[in-house]
Amino acid sequence: MPREKGRIMVAQNRRARHDYHLSDHFEAGLVLTGTEVKSLRSGRASLADAFATVDDGEVWLRNAYIPEYAFGTWTNHAARRNRKLLLHRREIDKLERATTGSGRTIVPLALYFLDGYAKVELAVGTGKKAWDKRQTIAERDANRDAARELASRNRGE
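Residues numbered from 1 in each chain as written. Predicted model: local features only at pLDDT ≥ 70, side-chain atom pairs only at ≥ 80, totals over all residues. Heavy atoms only, no water.

**Side note on the overall build of the protein chain**
If you tally the helices and strands in the protein chain, you get 4 helices and 7 strands. The secondary structure elements of the protein chain, listed N-terminal to C-terminal, are β-α-β-α-β-β-β-α-β-β-α. Over its C-alpha trace the protein chain gives a radius of gyration of 19 Å, far above what one expects of a compact globule, namely 15 Å for 157 residues. Considering only C-alpha atoms, the protein chain reaches an extent of 65 × 40 × 25 Å along its principal axes. Among the 157 residues that make up the protein chain, the fraction classed as buried is 34%. Accessible area for the protein chain stands at about 9900 Å²; split by element, carbon and sulfur atoms hold 50% of it. The average position of the 29 basic charges and that of the 21 acidic charges among the side chains of the protein chain differ by 2 Å. (Helix = DSSP H or I, 4+ residues; strand = E, 2+ residues; numbered from the N terminus. Rg over C-alpha atoms; globule rule 2.2 N^0.38 Å. Buried < 20%, exposed > 50% of the residue type's maximum accessible area, 1.4 Å probe, protein only. Areas by Shrake-Rupley, 256 points an atom, 1.4 Å probe, with all protein chains shown as cover. Lys, Arg positive; Asp, Glu negative; His and termini not counted. Charge placed at Lys NZ, Arg CZ, Asp CG, Glu CD.)

See below:
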């Protein structure tokens, strides 16, 4: 049976780019049970309150919501259980060093299937202040207005 190819997005944490300054990005595998995989394949998950921690040399995804599989039986999983992430030792050490400083956390950005394997995209984030968020919104609006002006000038209006 041929394995599926490409990247199939399951869930994104869009709020993370608004709330954090993101630096180092990592791709990690997930240790999942059968019903979790089936629930993810049906496209149901949420990373809204999720975060990751490094405990005893292992990285854990915490508070990610993968709902119970509708057709599961007594083997169903807990929706918000802690899930182990699979990374190389160098990457784990780098994450641990990055989060020892105050105000830094590991933020999951996306949950997806890559060539049939469940993956999560992680980034090291520093929380934004309210004025940072306003500045980001102002920059985005200014860029949008400039692009709109340039497009209308190129059309000859």
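Now that the structure has been shown, the text picks up again.
**A short note on the packing of aromatic side chains**
Using the criterion set out here, one finds 0 aromatic pairs in the structure. Over the face of the ring belonging to Y112 we find R7, whose NZ or CZ atom lies 3.8 Å from the ring centre. (Phe/Tyr/Trp six-rings, centres within 6.5 Å; stacked < 30°, edge-to-face > 60°. Lys NZ or Arg CZ within 6 Å of the ring centre and 35° of its normal.)

**Structural notes on unusual backbone geometry**
The backbone of N63 sits at a positive phi, close to 70°, despite the residue not being glycine. Relative to the helices and strands, N63 is located in the loop between strand 4 (58–62) and strand 5 (83–86). Backbone geometry places D115, a non-glycine residue, at a positive phi of 50°. Relative to the helices and strands, D115 is located in the loop between strand 6 (104–114) and strand 7 (117–127).

**Things to note about the pairing of strand 3 (residues 51–55)**
Note: strand 3 against strand 4, 5 bridges, orientation antiparallel. Counterpart to F51 in the pairing with strand 4 is R62. The hairpin formed by strand 3 and strand 4 contains 2 residues between the paired strands, and D56 there has a positive phi angle of roughly 55°. (Pairing = 2+ DSSP bridges.)

**Looking at helix 4 (residues 130–155)**
Taking 1.5 Å as the rise per residue, helix 4 with 26 residues should run 38 Å; its terminal C-alpha atoms sit 38 Å apart, in good agreement. G156 sits one or two residues past helix 4 and shows a positive phi near 90°. (Expected span 1.5 Å × (residues − 1).)

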